[in-house]
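What follows is each chain in one-letter form.
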Amino acid sequence: MEYPFLEVTRLTRSLMSGNEAVAHGAMEAGVSVGVGYPGTPSTEVLESLAKLGGVRCQWAPNEKVAAEVGAGVSYGGQRTLVTMKHVGLNVAADPLFTLSYIGVGGGYVLLVADDPGMHSSQNEQDSRNYAAFAKVPMLEPSSSQEAFEFTRAAFDISERFDTPVLVRTTTRIAHSKGLVETTGDRAPIEPIPFKPKAEKWVMMPANARARRVNLDSRMALLEEFSNQSELNRIEMRSSELGIIVSGIAYEYVREALPNASVLKLGIVNPLPVTLIAEFASKVDRLAVVEELDPYMTSRLLALGIELVETGLPRIGELTPDRIAQAFGAQAPELRAAVKDLPPRPPLLCPGCPHRGVYWALGKLKAVVTGDIGCYTLGALPPLSAMDTCVCMGASVSMAHGLGMTGATGGRPIVGVIGDSTFAHSGITGLLDMVYNGADGTIVILDNRTTAMTGHQGNPVSGRTLSGDAAPALDLEALCTSLGVQSVRRVDPLDLATTRAVLAEETERAGLSVVIAQSPCALLVRSDADPFAVDEELCTRCGACVRLGCPAIMKLPSGQPVIDTAICVGCEQCVQVCRYSAIQAVGPACDFGGGLS
Ligand SMILES: Cc1ncc(C[n+]2csc(CCOP(=O)(O)OP(=O)(O)O)c2C)c(N)n1
């Protein structure tokens with residue numbers, strides 16, 4: 001089978017992360033709209049695509065919306081790239097499972113980045129299962145070069161087979177860099193005008209039943225394609241051992257077992273069953289090496305293909321060492337990692353406005369249903385001020401549910417949610433509380449940005465992906481119009497007022513929202529002088545240390561000291577010191593408190 005994308009004229013060679021390479025692939029494929037929701041390790045795909053220029057790129061408030069905006073673009077006959085992290089695909093699963101029935105107009109590619117080992121996620125999921133479950137093809141690159149080429153290929157496959165296509169990366173592919181050869185050309189795509197065609201575009205039972213049959217025929221054609229495609233390839237070496245592998249694990253296998261023959265799969269759904277049987281017949285022993293779920297293993301065993309049991313872990317990331325060990329091979333020589341580095345646990349930054357809210361909630365002994373963002377770090381000692389964290393938006397709905405139980409023994413229940421997370425999936429939970437007459441207090445931490453994933457704009461901040469001004473959501477007006485009885489705004493850097501307002505709102509019956517608004521400390525350049533502890537006035541009571549500010553350290557003697565190089569002069573510690581022992585000093589350095 002011939003694919004022009006594999007025969008591109010190589011013009012430019014540059015070092016790119018997998019995320020950048022996906023963006024280049026989409027750009028060269030002639031994509032006209034990129035849309036997604038940030039989430040590590042996928043975020044830089046859309047940011048890179050936006051920087052390449054010529055493609056309209058935008059953040060959606062959540063992944064379901066992104067998937068649907070992309071569907072509209074595709075039905076309008078243009079190519080679209082939709083991006084998200086693995087848990088985002090849970091949110092976008094609803095449209096995905098029907099988009100597969102409908103198919104596409106212009107090419108529709110959904111990039112999903114998994115995070116084995118949970119470097120930055122609340123769980124690890126293997127999105128390959130989604131491809132099989134939703135009945136859509138999935139491509140899995142093993143390098144930055146492939147991330148580029150497979151993304152281009154995915155658009156061709158999408159249009160040729162009339163299907164959305166998933167491209168799956170994992171953290172190691174998304175974030176590691178490799179040389180990528182690109183053409184720099186942009187495929188001229190002729191937009192296909194939208195034609196009303198209810199039997200294709202309108203999924204109601206009568207139409208869906210017909211498309212369901214069509215879906216199975218399409219998957220059969222795609223399996224044939226998978227058997228012949230250059231994206232799947234056999235690399236014959238010793239016939240003693242054959243490994244079936246995809247994604248980053250391919251690179252590990254090449255390092256750990258250089259003599260093994262390999263069937264390298266670039267298409268992981270549908271699996272090329274004939275090609276797999278052919279490979280199996282060429283080797284004495286056959287094994288599957290795969291990170292996370294036994295996705296290929298279980299399918300091959302069901303087909304009656306004999307596999308060597310590797311005992312490789314199903315949790316976390318694979319490594320060349322682990323693979324070598326599983327096959328009794330010598331571990332590859334790797335450059336020794338630097339040992340004994342001090343641990344650097346994530347912490348709320350100096351000057352972070354979230355800290356003031358947690359301090360106040362701690363004083364009120366509130367039970368805090370939490371959410372996902374920088375503010376999840378409030379769960380860590382010494383603040384230890386968050387009691388639950390499940391998924392985006394859950395803080396609001398769980399405050400509602402917990403409130404029905406009376407299980408907190410009279411302690412107030414407060415849901416805490418960031419501005420981006422509130423726009424993502426908090427609004428419906430709040431509407432539910434209003435609708436069902438729930439009591440409780442929800443704090444919206446409005447730091448004017450999506451900080452956790454690298455300061456993306458969102459509907460509350462009123463800044464688009466390209467940095468343009470957009471209408472900023474008026475949180476007070478929104479919550480009031482939903483029917484919340486009391487909506488108040490506080491500056492969380494003013495600890496006494498924050499505490500007083502939260503005390504009033506948690507004591508009153510009914511539903512209230514407190515908007516704690518202060519920009520992320522990394523967004524403002526602080527001109528304030530840093531502070532220092534006057535050891536003569538200090539009683540070592542520890543109140544300042546309990547704020548958990550990285551600028552405040554406790555010496556072995558128990559004496560707190562402030563690192564003036566990172567103190568941004570937010571004065572939160574000044575407010576908790578009852579002995580006036582924390583005082584401003586002259587400027588410690590000339591680069592202020594953070595990025596501007
Ligand atoms: C469904 C889903 N999509 C994306 C993410 C990635 N993610 C983690 S936190 C976060 C947003 C945090 O922003 P915000 O709520 O404003 O809080 P901040 O970090 O600014 O304090 C995102 C997008 C996720 N965990 N789950």
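Quick caveat: nothing in here was measured; it's all calculated off a predicted structure.

The rules behind the values
- Residues numbered from 1 in each chain as written.
- Predicted model: local features only at pLDDT ≥ 70, side-chain atom pairs only at ≥ 80, totals over all residues.
- Heavy atoms only, no water.
- Helix = DSSP H or I, 4+ residues; strand = E, 2+ residues; numbered from the N terminus.
- Rg over C-alpha atoms; globule rule 2.2 N^0.38 Å.
- Buried < 20%, exposed > 50% of the residue type's maximum accessible area, 1.4 Å probe, protein only.
- Contact = heavy atoms within 4.5 Å.
- Areas by Shrake-Rupley, 256 points an atom, 1.4 Å probe, with all protein chains shown as cover.
- Lys, Arg positive; Asp, Glu negative; His and termini not counted.
- Charge placed at Lys NZ, Arg CZ, Asp CG, Glu CD.
- Phe/Tyr/Trp six-rings, centres within 6.5 Å; stacked < 30°, edge-to-face > 60°.
- Domains from an automatic or database assignment.
- Buried area = accessible area lost by both parts, 1.4 Å probe.
- Salt bridge = Lys/Arg side-chain N within 4 Å of Asp/Glu carboxyl O.
- Polar contact = N/O pair within 3.5 Å; in protein donor to acceptor, adjacent residues only side chain to side chain.
- Pairing = 2+ DSSP bridges.
- Axes fitted to C-alpha atoms, helices over the stretch in contact; angles between N-to-C directions.
- Core = buried A, V, L, I, M, F, W, Y, C linked by side-chain atoms within 4.5 Å.

Trainee: Help me understand the overall build of the chain in this model?
Mentor: Each helix and strand counted, the chain has 19 helices and 22 strands in total. For 596 residues, the compact-globule estimate of 2.2 N^0.38 gives 25 Å, and the C-alpha radius of gyration of the chain, at 27 Å, lies within 12% of that figure. Seen through its principal axes, the chain has C-alpha atoms that stretch 80 × 60 × 50 Å. Here the chain, with 596 residues, has 54% of them falling under the buried criterion. Counting contacts in the chain only where the partners sit at least 6 residues apart, residues at least 24 apart contribute 75% of the total. With the model as given, the accessible surface of the chain reaches about 25500 Å², and the carbon-plus-sulfur share is 54%. Within the chain, the 64 negative side-chain charges are centred at a point lying 2 Å from the centre of the 49 positive side-chain charges.

Trainee: Looking at this model, I keep getting lost on the packing of aromatic side chains. Mind explaining?
Mentor: The geometry of two aromatic rings is summed up by the distance between their centres and the angle between their planes. Under the defined criterion, the tally for this structure stands at 5 aromatic pairs. Seen from their ring centres, Tyr75 and Trp201 are 4.2 Å apart, and the 40 degrees between their planes marks the pair as tilted. With Tyr75 in helix 3 (residues 63-75) and Trp201 in helix 8 (residues 198-201), this residue pair connects regions lying 126 residues apart in the sequence. Overall, the relative accessible area of 17% leaves Trp201 in the buried class. Three or more aromatic residues link up through ring pairs in this structure, and these residues are Tyr75, Phe194 and Trp201.

Trainee: I'm lost on the domain arrangement of the chain in this one. Help?
Mentor: When the parts of a complex come together, some accessible area is lost, and that lost area is often used as the size of the interface. You can read the domains of the chain as domain 1 (4-228), domain 2 (233-326), domain 3 (354-517) and domain 4 (531-584). Averaged C-alpha coordinates put domain 1 and domain 3 at centres separated by 33 Å. Taken together, the contact pairs 16 residues of domain 1 with 14 residues of domain 3. When the two sides are added together, the surface that domain 1 and domain 3 hide from each other amounts to roughly 1100 Å², 61% of it contributed by carbon and sulfur. Our count for the domain 1 to domain 3 interface comes out at 0 salt bridges. Counting the contacts that link domain 1 with domain 3 gives 4 residue pairs in polar contact (both at pLDDT 80 or more). Of all elements in the fold, only helix 2 (44-52) and strand 3 (56-59) reach the threshold of two or more residues within the side of domain 1 that touches domain 3.

Trainee: What am I meant to see in the sheet that holds strand 15 (residues 413-418) here?
Mentor: Working definition: the strands of a sheet are paired by backbone hydrogen bonds and lie parallel or antiparallel to each other. Reading across the sheet, the 5 strands line up as 14-15-16-18-17 and stay open at both edges, with parallel pairing between neighbours. Bordering the open sheet on either side are strand 14 (367-369) and strand 17 (486-490), each of which pairs with just one other strand. Ignoring strand direction, the axes of neighbouring strands in this sheet form an average angle of 25 degrees. Sheet topology note: the strand 15/strand 16 (residues 440-446) ladder contains 5 bridges and is parallel.

Trainee: Can you walk me through the nonpolar core in this structure?
Mentor: The nonpolar side chains of soluble globular proteins are, as a tendency, buried together. Counting 62 residues, the largest nonpolar core has Tyr358, Leu361, Val416, Leu430, Ile442 and Val443 as the members making the most contacts within it. Split by domain, this core shows at least three residues from each of two domains, domain 3 (354-517) and domain 4 (531-584). In this structure, Ile442 is in contact with Val396, Ala399, Gly415, Ile417, Leu430, Met433, Ser512, Val513 and Val514, ignoring residues within four places of it in sequence. In this structure, Tyr75, Leu89, Val283 and Val288 belong to the second largest nonpolar core, which totals 41 residues.

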